[in-house]
Amino acid sequence: MALNNSQYNEVMRGYERQQLENRHSQQRRVEEVYRRLPQVKELDDEIRTWGAASARQALGGEEGAGLRFKEKLRDLREQKLLLLASAGYPADYMELRYNCPDCRDTGYAQGHRCHCFEQARIRLLYTQSNVSQMLQKENFDTLSFAWYDDVARLGQLGMTQAGYMQMVVQNCREFAAGFPEKGRNILFTGSTGVGKTFLTNCIAKALIDRYISVICLTSQDLFELLSRYRFGRDQQEDAGEAFGHILDCEMLIIDDLGTEVNNTFVSSQLFYCVNERINREKGTIISTNLSMGMLRDMYSDRVASRIMSHYATIPLYGEDIRMKKKNFRGLT
């Protein structure tokens, strides 16, 4: 998930464009105020005049020039704020505004990449990947209940598959809209083709649209990446950064847990990943064909315990939707 040079440059160009827009936006606000309140322009002109005069006096060695300027500046600014307030403008209306106050739209804060840089990185990678194309096809707007049975009732629920899925989808919409305040973790269980991956894609798209950093990985890709990092098989400079993103991204989606080749390394890394993200208060969504009992048997009691105590479990039922679509299109 690391950026190459061209991708990094594209992210930074985005910041440059944002900085330019910030300045243009500020200029439009300043011109608006000057039109409505010419007195404000007169005060700004006076502030600049006093500043230039004070600088000349200071260079000429005149004592007290700086102090006199500070006092005059304070008085002029107070007059300006009173004029703005009288016209209904906030005190900072004529100041530069930033999408990210932490880095002031530069991408870096205190010598390190800002959290907004990570969001921009994730969005760029998704835009340039097949995942972006998938999320355009599989999202809440394209979800249809027509494929779910609305006649037969599911014995364990006493309601139809379509009715149950409508309830599940509403819960998923509320989860995506309220994340992270209204919950962070979901476990989707159910057999193949009942809609687990589609729902995770729906949530991913909704979160990305809110500029929330999301990483989607199949369980095989996740453990392969962790293996390369842990055993030093990936010597790239950004390998540690990619590993850090798995732990620190706001939402990690692990798709098809249980399809990877399981061993003690996988079990230990799954616990580490799940537990570390819980401790860091980061969100995780897991989809799996395994029941909770099978998860316990395949990984460990402590993995199952952490998931059971910190995840909202959403079981999905019914027939294989993918097979229905395939048959409908005449591909069999």
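For the structure itself, consult the block above.
Residues numbered from 1 in each chain as written. Predicted model: local features only at pLDDT ≥ 70, side-chain atom pairs only at ≥ 80, totals over all residues. Heavy atoms only, no water.

Chemist: Would you explain the sheet that holds strand 8 (residues 283–288) in this entry?
Modeler: Backbone-to-backbone hydrogen bonds pair the strands of a sheet. The strands run either parallel or antiparallel. Read from one edge of the open sheet, 5 strands run 6-7-8-5-9, paired in parallel fashion. A strand with exactly one partner marks an edge of an open sheet, and here the two such strands are strand 6 (214–218) and strand 9 (312–315). Ignoring strand direction, the axes of neighbouring strands in this sheet form an average angle of 15 degrees. Across 5 bridges, the pairing between strand 6 and strand 7 (residues 251–257) is parallel. In the sheet register, Val214 faces strand 7, and the bridge partner there is Met251. (Pairing = 2+ DSSP bridges. Helix = DSSP H or I, 4+ residues; strand = E, 2+ residues; numbered from the N terminus. Axes fitted to C-alpha atoms, helices over the stretch in contact; angles between N-to-C directions.)

Chemist: I'm lost on helix 10 (residues 264–279) in this one. Help?
Modeler: In an α-helix there are 3.6 residues to a turn, and that puts residues three or four apart on one side. Over its 16 residues, helix 10 runs 22 Å from end to end, which matches the ideal 22 Å to within 8%, given 1.5 Å per residue. Most of helix 10 sits out of view: 12 of its 16 residues are buried. For helix 10, the N-terminal capping position is held by Asn263, with its side-chain oxygen 3.0 Å away from the main-chain nitrogen of Phe265. Downstream of helix 10 by a residue or two, Glu281 has a phi angle that is positive, lying close to 60 degrees. (Expected span 1.5 Å × (residues − 1). Buried < 20%, exposed > 50% of the residue type's maximum accessible area, 1.4 Å probe, protein only. Polar contact = N/O pair within 3.5 Å; in protein donor to acceptor, adjacent residues only side chain to side chain.)

Chemist: How should I be thinking about the pattern of salt bridges in this particular structure?
Modeler: When their charged atoms lie close together, side chains carrying opposite charge are able to pair. Applying the stated rule across the entire model yields 12 salt bridges. We note a salt bridge from Lys41 to Asp45, for which the minimum N-O separation is 3.1 Å. Taken together, the positions of Lys41 and Asp45, both in helix 2 (residues 38–59) and 4 residues apart, correspond to about one turn of that helix. The class for Lys41 is partly exposed, based on a relative accessible area of 37%. In the salt-bridge network here, residues are joined through shared partners; they are Glu10, Arg13 and Arg17. (Salt bridge = Lys/Arg side-chain N within 4 Å of Asp/Glu carboxyl O.)

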